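# Descriptive structure summary
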Amino acid sequence: ETITLDLEGTNVEIPVRYGGPFQDLARGEGDSKPPLVFLLSSPSLREASIGVEVGTSGIFACTKQNITKAINAGLASVADVMAVQGLSMWKKHCSRSGVRGDIEEGYFEEISNNNIGNVWRRLLSQKPLSKDTVDENLLIAAEAWAMGRAVPQDDPVYVFGSDVDTEALADEALRRWVKAFFL
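Quick summary incoming for the structure in this document. Remember, predicted model here, so these are calculated numbers, not experimental data.

A separate point is helix 2 (residues 64-72). Within helix 2 the residues assigned to the buried category are Ile67, Thr68, Ala70 and Ile71. Considered in projection along helix 2, the buried side chains sweep an arc of 165 degrees and stay on one side of the axis. In this structure, helix 2 carries Gln65 and Lys69 as exposed residues pointing more than 90 degrees from its buried face. Where the residues of helix 2 are buried, they touch strand 1 (2-7), strand 3 (36-41), helix 1 (44-48), strand 5 (59-62) and strand 6 (81-85). Glycine 74 lies just past helix 2 and shows a positive phi near 80 degrees.

In this structure, strand 3 lies alongside strand 5, joined through four bridges in antiparallel fashion. Considered in strand 5, the bridge of phenylalanine 38 is made with cysteine 62. The antiparallel pairing of strand 4 (residues 52-53) with strand 5 creates a hairpin that spans five residues between the two strands, and glycine 55 there sits at a positive phi of about 60 degrees.

Right, let's get into the pattern of salt bridges. Applying the stated criterion to the full structure yields three salt bridges. In this structure, the salt-bridge partner of arginine 122 is glutamate 143, at a minimum N-O distance of 2.5 Å. Of this pair, arginine 122 sits in helix 4 (residues 113-124) while glutamate 143 is found in helix 5 (residues 134-148), placing the two residues 21 residues apart along the sequence. On the basis of relative accessible area, glutamate 143 is assigned to the partly exposed category, the value being 29%. We note a salt bridge from glutamate 172 to arginine 175, for which the minimum N-O separation is 2.6 Å. In this pair, glutamate 172 and arginine 175 are both assigned in helix 6 (residues 166-182), three residues apart and thus about one turn of the helix distant. With a relative accessible area of 27%, glutamate 172 lands in the partly exposed category.

Next up on the list: the sheet that holds strand 6. Spatially, six strands are ordered 1-2-6-3-5-4 in an open sheet, and the strand pairing comes out mixed. Each edge of the open sheet carries a strand with a single partner, namely strand 1 and strand 4. The sheet contact formed by strand 3 and strand 6 spans five bridges and is antiparallel. Residue pairing across strands places leucine 39 opposite methionine 82, the latter belonging to strand 6. Sheet contacts for helix 4: strand 2 (10-18), strand 3, strand 5 and strand 6; angle to strand 6, the most-contacted strand, approximately 70 degrees.

Quick reminder: α-helices carry 3.6 residues per turn. Residues three or four places apart thus point the same way. For helix 4, with twelve residues, the first-to-last C-alpha span of 17 Å sits near the 16 Å given by 1.5 Å per residue. When we look at burial in helix 4, the residues that qualify are Ile116, Val119, Trp120 and Leu124. Taken end-on, helix 4 shows its buried residues confined to a sector of 130 degrees, consistent with a single buried face. Across from the buried face of helix 4, at angles greater than 90 degrees, the exposed residues are Asn114 and Arg121. Taken together, the buried residues of helix 4 touch strand 2, strand 3, strand 5, strand 6 and helix 5.

Looking now at a nonpolar patch on the surface. Together, Tyr18, Leu174, Trp177, Phe181, Phe182 and Leu183 make up a nonpolar patch on the protein surface, roughly 600 Å² of accessible area in all. Top contributing element to the nonpolar patch by residue count: helix 6, with four residues. Positionally, leucine 183 belongs in the segment after helix 6. Given a relative accessible area of 37%, leucine 183 falls into the partly exposed group.

Turning to the side chain of asparagine 137, a few remarks are in order. When you line up the elements, asparagine 137 lands in helix 5. The residues touching asparagine 137, leaving out its near neighbours within four places in the chain, are Gln126, Lys127, Pro128 and Leu129.

Rules used in this analysis
Residues numbered from 1 in each chain as written. Predicted model: local features only at pLDDT ≥ 70, side-chain atom pairs only at ≥ 80, totals over all residues. Heavy atoms only, no water. Buried < 20%, exposed > 50% of the residue type's maximum accessible area, 1.4 Å probe, protein only. Helix = DSSP H or I, 4+ residues; strand = E, 2+ residues; numbered from the N terminus. Arc of directions from axis to C-beta. Contact = heavy atoms within 4.5 Å. Pairing = 2+ DSSP bridges. Salt bridge = Lys/Arg side-chain N within 4 Å of Asp/Glu carboxyl O. Axes fitted to C-alpha atoms, helices over the stretch in contact; angles between N-to-C directions. Expected span 1.5 Å × (residues − 1). Patch = residues over 30% accessible without salt bridge, like charges linked within 9 Å, V, L, I, M, F, W, Y side chains within 5 Å. Areas by Shrake-Rupley, 256 points an atom, 1.4 Å probe, with all protein chains shown as cover.

This is how it looks when you write it as structure tokens:
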């Protein structure tokens, strides 16, 4: 799926990515899909006060109007924009909750600020999801994941009593899930 931006009379298509479950919190009457969140990586947005920076990442959450304004003003390009439908939310003030809790539990790693730009550019190279692009897009996501790792992957872990690598098994499960629910 893509979304069209009207940039001073020129229409451009941006791939829409899936960001996670969404709890009807921002959904209006009659809306059938979660709202889009636009993410933009451009240092000039800070000075222009466009969007809201996500932490200190240099990535800004924006509205469609913010994105159009930034691109038309020459502060960013279409290639800097990521559109995400849906989002995941955690409670903010709980013991070991949210993204921080998931990092502390070892489910995720923080990406160093030195790697954010490389990971961002790699993810932006994904094409709109289709039967023809699903495998390439998942490969790009895996490459971006590897680029963001703070330390290289240890030796593979295998499923008990087999030669099946658990990471390969997880990647195959993700591929099948994406094909079942998004195509």
